[in-house]
Amino acid sequence: RALVGTGMLPIMAADIIDHKRAHPRSMQADTSMAYGAYIAHIGGCTGCHGPGLSGGKVPGTPPDFKPAANITPTGIGHYTDEQLEVILRTGKRPDGTAVDDFMPWRATTLMTPVEMRATIKYLRSVKPKVYGSR
């Protein structure tokens, strides 16, 4: 909370959007990659996982803070869509281990099926990146 409050961890949509860019008149809730990108950006994924979603050290965090995971196809490619949905809904990986509680899975568990499908589709579509290249 302190990092967010001091602006060192930009997870709020207002902090990371381009205010000069023309905004769409509306966003249709569907399973498209465009809607998935919209959700990922307003949901703050890029705040921790970086603009390229490849994870690594979260800027402004203490040295012992767990780094963010790579959520590009490089990092999530071994999971099925169903397994990714379980992770985002329960905070547990297929092997039963928990994701870090800093990951807002308690919020992603509230996503509708359409939002979940769009988000996963978008994550599958981004350029694969090496871990930590942000």
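**Observations regarding the packing of aromatic side chains**
Turning to step 1, where the next piece is worked out: Within the structure shown, the criterion is met by two aromatic pairs.
Turning to step 2, where the next piece is worked out: Here the aromatic rings of Tyr 35 and Tyr 38 are separated by 5.9 Å at their centres, their planes lie at 20 degrees, and the arrangement is stacked. In this pair, Tyr 35 and Tyr 38 both sit in helix H3 (residues 33-42), three residues apart, roughly one turn of the helix.
Turning to step 3, where the next piece is worked out: Residue classification places Tyr 35 among the buried residues on the basis of a relative accessible area of 8%.
Turning to step 4, where the next piece is worked out: Plain terms: the ring middles of Phe 65 and Phe 102 are 4.9 Å apart, the flat faces sit at 90 degrees to each other, and that makes the pair edge-to-face. Placement of Phe 65 in the loop between helix H4 (45-49) and helix H5 (73-76) and of Phe 102 in the loop between helix H6 (81-90) and helix H7 (105-108) is noted, with a sequence separation of 37 residues between them.
Turning to step 5, where the next piece is worked out: In this structure Phe 65 comes out as partly exposed when scored by relative accessible area, which is 26%.

**Details of the layout of surface pockets**
Turning to step 1, where the next piece is worked out: Put simply, the largest pocket is a space of about 1,100 Å³.
Turning to step 2, where the next piece is worked out: Considering the residues around the largest pocket, the lining is formed by 39 residues, among which His 49, Ile 71, Leu 88, Met 103 and Pro 104 are closest to the centre.
Turning to step 3, where the next piece is worked out: Broken down by secondary-structure element, the contributors of at least two residues to the lining of the largest pocket are H3, H4, H5, H6, H7 and helix H8 (113-125).
Turning to step 4, where the next piece is worked out: Residues of the lining of the largest pocket, tallied by class, amount to 27 nonpolar, eight polar and four charged.

Parameters at a glance
Residues numbered from 1 in each chain as written. Predicted model: local features only at pLDDT ≥ 70, side-chain atom pairs only at ≥ 80, totals over all residues. Heavy atoms only, no water. Phe/Tyr/Trp six-rings, centres within 6.5 Å; stacked < 30°, edge-to-face > 60°. Helix = DSSP H or I, 4+ residues; strand = E, 2+ residues; numbered from the N terminus. Buried < 20%, exposed > 50% of the residue type's maximum accessible area, 1.4 Å probe, protein only. 1 Å grid on protein atoms, 1.4 Å probe; cavity = no way out; pocket = protein on both sides within 12 Å on 5 of 7 lines; lining within 4 Å. Points joined across faces, edges and corners; volume = space filled by probe spheres on them. Nonpolar A, V, L, I, M, F, W, Y, C, P; charged D, E, K, R; others polar.

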